[in-house]
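Working through the structure, step by step
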Amino acid sequence: MTDLTPPLAPSLSARARAALGRRNLVFVGLMGAGKSAIGRMTASQLGLPFVDTDAEIERVSRMTISELFAAYGESEFRELETRVIKRLLRTGPRVISTGGGAFINEKTRRQIERGGISLWLKADLDVLWERVNKRDHRPLLKTENPKQTLENLMNQRYPVYGLADVTVQSRDERKEVIVDEVLEAIVEYCTKGRKYD
Ligand SMILES: Nc1ncnc2c1ncn2[C@@H]1O[C@H](COP(=O)(O)OP(=O)(O)O)[C@@H](O)[C@H]1O
Ligand SMILES: O=C(O)C1=C[C@@H](OP(=O)(O)O)[C@@H](O)[C@H](O)C1
Ligand SMILES: [Mg+2]
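Predicted model, so just to flag it, every value in this text is computed and none were measured.

Calculation notes
Numbers given to residues run from 1 along each chain, matching the order in which its sequence is written. Labels are handed out in written order, letters beginning with A for the chains and numbers beginning with 1 for the ligands. Note on the predicted model: pLDDT of at least 70 is required for a residue's local features to be given, and 80 or more for side-chain atom pairs to be given and counted; whole-chain, interface and lining totals, by contrast, use all residues. Water and hydrogen atoms play no part in the side-chain values, which are based on all heavy atoms of the structure. Every angle, taken between N-to-C directions, lies between 0 and 180 degrees, and every axis is a line fitted to C-alpha atoms, over only the stretch in contact when it is a helix. Under the DSSP-based scheme used, a helix requires at least four consecutive residues in state H or I and a strand at least two consecutive residues in state E, with every element numbered from the N terminus. Here roughly perpendicular refers to angles of 65 to 115 degrees, roughly parallel to angles under 35, roughly antiparallel to angles over 145, and oblique to all remaining angles. Here, two residues are considered to be in contact whenever any of their heavy atoms come within 4.5 Å of each other. Confidence scores labelled pLDDT are given residue by residue by the predictor and lie between 0 and 100. For this description, a residue counts as near a given molecule or strand if any of its non-hydrogen atoms is within 4 Å of it. Polar contact is defined as a pair of N or O atoms within 3.5 Å, subject to the rule that within protein one atom must be able to donate a hydrogen and the other to accept it, and that residues adjacent in sequence are counted only when both atoms are side-chain atoms. In this description, accessible areas are obtained by the Shrake-Rupley approach with a 1.4 Å probe, and a residue is regarded as covered only by the protein chains that are shown. Under this grouping Gly is polar, as are all residues other than the nonpolar Ala, Val, Leu, Ile, Met, Phe, Trp, Tyr, Cys and Pro and the charged Asp, Glu, Lys and Arg. Ring pairs are drawn from Phe, Tyr and Trp, using the six-membered ring of Trp, whenever the two centres fall within 6.5 Å, and their geometry is named by plane angle: stacked under 30 degrees, edge-to-face over 60, tilted for the rest. Three exposure classes are used, based on accessible area relative to the maximum for each residue type with a 1.4 Å probe and protein chains only: buried under 20%, partly exposed in between, and exposed over 50%. Definition used: whenever NZ (Lys) or CZ (Arg) falls within 6 Å of the ring centre and also within 35 degrees of the ring normal, the charge is taken to sit over that ring. Should a side-chain nitrogen of Lys or Arg be within 4 Å of a carboxyl oxygen of Asp or Glu, the pair is scored as a salt bridge.

Here's the deal with the packing of helix α3 (residues 53-61) against helix α4 (residues 65-90)
At a closest axis distance of 9 Å, the pairing of α3 and α4 adopts a crossing angle of 110°. One element, α3, and the other, α4, form an angle in the roughly perpendicular class. Taken together, the residues of α4 that come into contact with α3 (itself represented by T53, D54, E56, I57, E58, V60 and S61) are I65, L68, F77, L80, E81, V84, I85, R87 and L88.

Here it is as structure tokens:
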């Protein structure tokens, strides 16, 4: 007997995976935007390996990010971050979540531009603050007024994050919803071949 059931339409994950092809997907954006959490879930939906650059830096240096900042300062951390990201971009495809400063560094940004699709998870100050004030592992926020520091970083960095290929709004919404929006945005960007926001 012939099976007359119509073929199922490809799922959103499958369409996004096909659209991405051999390219890496690189999450950028400010601390608390959800790069690590949403990046990991997106990788799982795409069936791709996931790497968080902060975790990779901690693994190779056998130090925490806070220890690295304290022992060697931010500029040494950035050197290490650039080297790690360059290596990760060389093979793929994979999903890479960067630390908030990575895309701001010109050298690292050029590497990301060459090696993958950059996706800015954009969020309002209050959303970011709600998320980051629960933990204290971010050395840049160990200041007198961390919320003000975060706002200053927003003002400095948002024009640069705006150079990313794709922008998705991270907000007070379930992570699964944001992941679906990320997948939709990838399909849209890859099929239309232009900046998406
Ligand atoms: N859509 C979301 N809803 C609720 N919590 C979120 C959402 N996205 C991220 N988070 C939480 O916010 C915190 C910061 O997220 P994280 O992925 O570490 O951000 P980043 O890597 O951009 O600094 C984590 O506890 C994470 O689980
Ligand atoms: O914004 C930044 O410069 C940083 C963000 C952090 O990562 P998350 O954005 O994942 O918190 C981490 O790389 C380091 O503390 C510096
Ligand atoms: Mg992170």
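So, the confidence of the model for the protein chain
Looking at the protein chain as a whole, the pLDDT averages 94, with 97% of positions reaching at least 70. Here the predicted complex scores 0.95 on pTM and 0.98 on ipTM.

Looking at the site of ligand 2
Every one of the 13 residues lining ligand 2 counts as a neighbour, but K35, D54, R78, R138 and R157 are closest to it. Between ligand 2 and the protein, one listed contact pairs an oxygen atom with a side-chain N or O atom of R78 at 2.6 Å. Within the side chain of R138, a nitrogen or oxygen atom sits 2.7 Å from an oxygen atom of ligand 2. In the complex, 96% of the free accessible area of ligand 2, which totals 390 Å², lies under the protein chains. Of the residues forming the shell around ligand 2, the biggest block, 3 residues, is contributed by α4. Each residue belonging to the shell around ligand 2 can be placed in one class, and the counts come to 5 nonpolar, 3 polar and 5 charged.

Digging into the packing of aromatic side chains
Taken as a whole and judged by the stated rule, the model has 4 aromatic pairs. When the centroid spacing of 4.8 Å and the interplanar angle of 40° are considered together, the rings of F69 and F77 count as tilted. Judged by relative accessible area, F69 falls into the buried class, the value being 15%. Relative to Y158, the ring of W120 has its centre 4.9 Å away and its plane inclined at 85°; by these criteria the two rings are edge-to-face. Placement of the pair is W120 in strand β4 (residues 116-122) and Y158 in helix α7 (residues 146-161), with a sequence separation of 38 residues. Classification of W120 by relative accessible area gives buried; the value is 4%. Accessibility expressed as a relative area gives 15% for Y158, which makes it buried. An aromatic cluster of at least three residues, connected via ring pairs, comprises W120, Y158 and Y161. Sitting over the ring of F103, R109 keeps its end group 6.0 Å from the ring centre.

Focus on the packing of α4 against helix α5 (residues 106-115)
Here α4 crosses α5 at 10°, and the two axes come no closer than 10 Å. The angle between α4 and α5 falls in the class roughly parallel. Taking contact as the criterion, the partners of T82, I85, K86 and L89 in α4 are, on α5, K107, T108, Q111, I112 and G115. Residue composition of the contact of α4 with α5, grouped by class: 3 nonpolar, 4 polar and 2 charged.

Here's the deal with the pattern of salt bridges
Applying the stated criterion across every chain, the model contains 11 salt bridges. The residue E106 makes a salt bridge to R110 at a minimum N-O spacing of 2.9 Å. With E106 and R110 both in helix α5 and 4 residues apart, this pair spans about one turn of that helix. Its relative accessible area of 37% is what places R110 among the partly exposed residues. The shortest N-O distance in the salt bridge between R110 and E113 comes to 3.2 Å. With R110 and E113 both in helix α5 and 3 residues apart, the pair spans about one turn of that helix. Through salt bridges that share partners, E56, R59 and R87 make up one connected network.

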